[in-house]
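# Coordinate inspection notes
The lines below spell out each chain.
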Amino acid sequence: ETGVTQSPTHLIKTRGQQVTLRCSSQSGHNTVSWYQQALGQGPQFIFQYYREEENGRGNFPPRFSGLQFPNYSSELNVNALELDDSALYLCASRKPGYQETQYFGPGTRLLVL
Amino acid sequence: DQQVKQNSPSLSVQEGRISILNCDYTNSMFDYFLWYKKYPAEGPTFLISISSIKDKNEDGRFTVFLNKSAKHLSLHIVPSQPGDSAVYFCAAVYGGGDKLTFGTGTRLAVRP
């Protein structure tokens, strides 16, 4: 069973730009969630996708958006980047019926200058 | 509004001794609690969980205790090993959902 992978591993952008982060879920996992982990903080829930539809959202503005594809891979898009968007972005996937056990990828570290 | 709190940013213990990591929460709606371990450059890895209907769950060297009245849970690692050195996150969910609310983490260092 392959793990959750994310790309790129690191990224540097400037304020105002747009960024797309990618996640490839484990085989058989139909739900993917995205989290933002700022320095010194715990991960914060951004949103979740289930069967290609957004299925829950945390306290993040609409410039954070996502997509889930039929093969259960996912994208996180952030428009109009702000300095505070600098963080580690984690995606997590889970199997149907295994509500509590989410498997996390290694994350993408985004730096906004 | 920090609904899950880990007040100790770091903990150092001797190999072979017990490590106790603490977590407090404020939202009484939480009904499931999890501990994750995170190594540098890796994502968090699920360690152990506990439902609010229980007060203890054990898995090998790891035991989680839940005190609902105090809104407090703790993770015990016995005996501690150098490979346990990592950042430990407490997380909570409610209503069978997937939205994990994490604490800020405790960095555990196990000294050989």
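Residues numbered from 1 in each chain as written. Chains lettered and ligands numbered in written order. Predicted model: local features only at pLDDT ≥ 70, side-chain atom pairs only at ≥ 80, totals over all residues. Heavy atoms only, no water.

Per the stated rule, a full pass over the model turns up 2 disulfides over all chains. Each sulfur of the disulfide joining cysteine 23 of chain A and cysteine 91 of chain A lies 1.9 Å from the other. On the S-S bond that ties cysteine 23 of chain A to cysteine 91 of chain A, the torsion sits near 65°, and the link is right-handed. Taken together, the residues span a long stretch of sequence, with cysteine 23 of chain A in strand β3 (residues 19-24) and cysteine 91 of chain A in strand β9 (residues 87-94) at a distance of 68 residues. With a sulfur-sulfur separation of 2.1 Å, cysteine 23 of chain B is cross-linked through a disulfide to cysteine 90 of chain B. (Disulfide = S-S within 2.5 Å. Helix = DSSP H or I, 4+ residues; strand = E, 2+ residues; numbered from the N terminus.)

We now examine the interface of chain A and chain B. On the chain B side, the residues contacting the 20 residues of chain A number 18 residues. Buried surface at the junction of chain A and chain B, summed over both partners, amounts to about 1500 Å²; 57% is from carbon and sulfur atoms. Summed over the shared surface of chain A and chain B, the number is 2 residue pairs in polar contact (both at pLDDT 80 or more). Counting only elements with at least two residues in the side of chain A that touches chain B, the list comes to β4 (31-37), β5 (44-50) and β9 of chain A. No other element matches β4 of chain A, which puts 4 residues into the side of chain A that touches chain B. Per-class residue counts for the side of chain A that touches chain B are 7 nonpolar, 11 polar and 2 charged. (Contact = heavy atoms within 4.5 Å. Buried area = accessible area lost by both parts, 1.4 Å probe. Polar contact = N/O pair within 3.5 Å; in protein donor to acceptor, adjacent residues only side chain to side chain. Nonpolar A, V, L, I, M, F, W, Y, C, P; charged D, E, K, R; others polar.)

All names here are of chain A. In this structure the tally under the stated criterion is 6 salt bridges over all chains. Arginine 22 is the partner of glutamate 75 in a salt bridge, and the nearest nitrogen-oxygen pair spans 3.6 Å. In this pair, glutamate 75 is assigned in strand β8 (residues 74-78) and arginine 22 in strand β3, connecting sequence segments 53 residues apart. Since its relative accessible area comes to 15%, glutamate 75 is described here as buried. Ionic pairing is found between arginine 63 and glutamate 82, a salt bridge with its closest N-O pair at 3.3 Å. Of this pair, arginine 63 sits in the loop between β6 (53-57) and β7 (64-68) while glutamate 82 sits in the loop between β8 and β9, and the two are 19 residues apart along the sequence. What emerges from the salt-bridge pattern is a single network uniting Arg63, Glu82 and Asp85. (Salt bridge = Lys/Arg side-chain N within 4 Å of Asp/Glu carboxyl O. Buried < 20%, exposed > 50% of the residue type's maximum accessible area, 1.4 Å probe, protein only.)

Turning to the sheet that holds β3 of chain A, a few remarks are in order. Residues and elements named next belong to chain A. Sheet architecture is open: 4 strands sit in the order β1-β3-β8-β7, paired in antiparallel fashion. Two strands close off the open sheet at either side, each with one partner strand: β1 (5-7) and β7. Put simply, the sheet's adjacent strands are angled 20° from each other on average, direction ignored. (Pairing = 2+ DSSP bridges. Axes fitted to C-alpha atoms, helices over the stretch in contact; angles between N-to-C directions.)

Before going further, it helps to examine the sheet that holds strand β3 (residues 19-25) of chain B. Residues and elements named next belong to chain B. Read from one edge to the other, the open sheet built from 5 strands follows the order β1-β3-β8-β7-β6, with strand pairing classed as antiparallel. Whereas interior strands pair on both sides, the edge strands pair on one side only; in this sheet they are β1 (4-5) and β6 (56-59). Bridge count between β3 and strand β8 (residues 72-77): 6 bridges; the pairing is antiparallel. Note on β8: the bridge partner recorded for cysteine 23 is leucine 73.

Of note, phenylalanine 65 of chain B is situated in strand β7 (residues 62-67). In the structure, phenylalanine 65 of chain B is positioned 26 residues away from tyrosine 39 of chain B in sequence and 23 Å away in space, judged by C-alpha atoms.

This part covers the pairing of strand β5 (residues 45-51) of chain B. Counting buried residues along β5 of chain B, 5 of its 7 residues qualify, which places the element largely inside the surrounding structure. Hairpin remark: strand β4 (residues 32-38) of chain B followed by β5 of chain B, antiparallel, with 6 residues in the connecting loop; positive phi at alanine 41 of chain B, about 65°.

Now for the packing of aromatic side chains. Under the counting rule described, the total for this entry stands at 14 aromatic pairs over all chains. Considering the side-chain rings of phenylalanine 60 of chain A and phenylalanine 64 of chain A, the 5.1 Å spacing of their centres and the 65° angle between planes classify their relative orientation as edge-to-face. Of the residues examined, phenylalanine 60 of chain A reaches a relative accessible area of 13% and is grouped as buried. On the basis of relative accessible area, phenylalanine 64 of chain A is assigned to the buried category, the value being 2%. Consider the rings of tyrosine 25 of chain B and phenylalanine 33 of chain B, whose centres lie 4.6 Å apart with planes at 40°: the pair is tilted. The buried category is assigned to phenylalanine 33 of chain B, whose relative accessible area is 1%. An aromatic cluster of three or more residues is present, and its members are Tyr35, Phe45 and Phe104 of chain A together with Tyr36, Phe46, Phe89 and Phe102 of chain B. (Phe/Tyr/Trp six-rings, centres within 6.5 Å; stacked < 30°, edge-to-face > 60°.)

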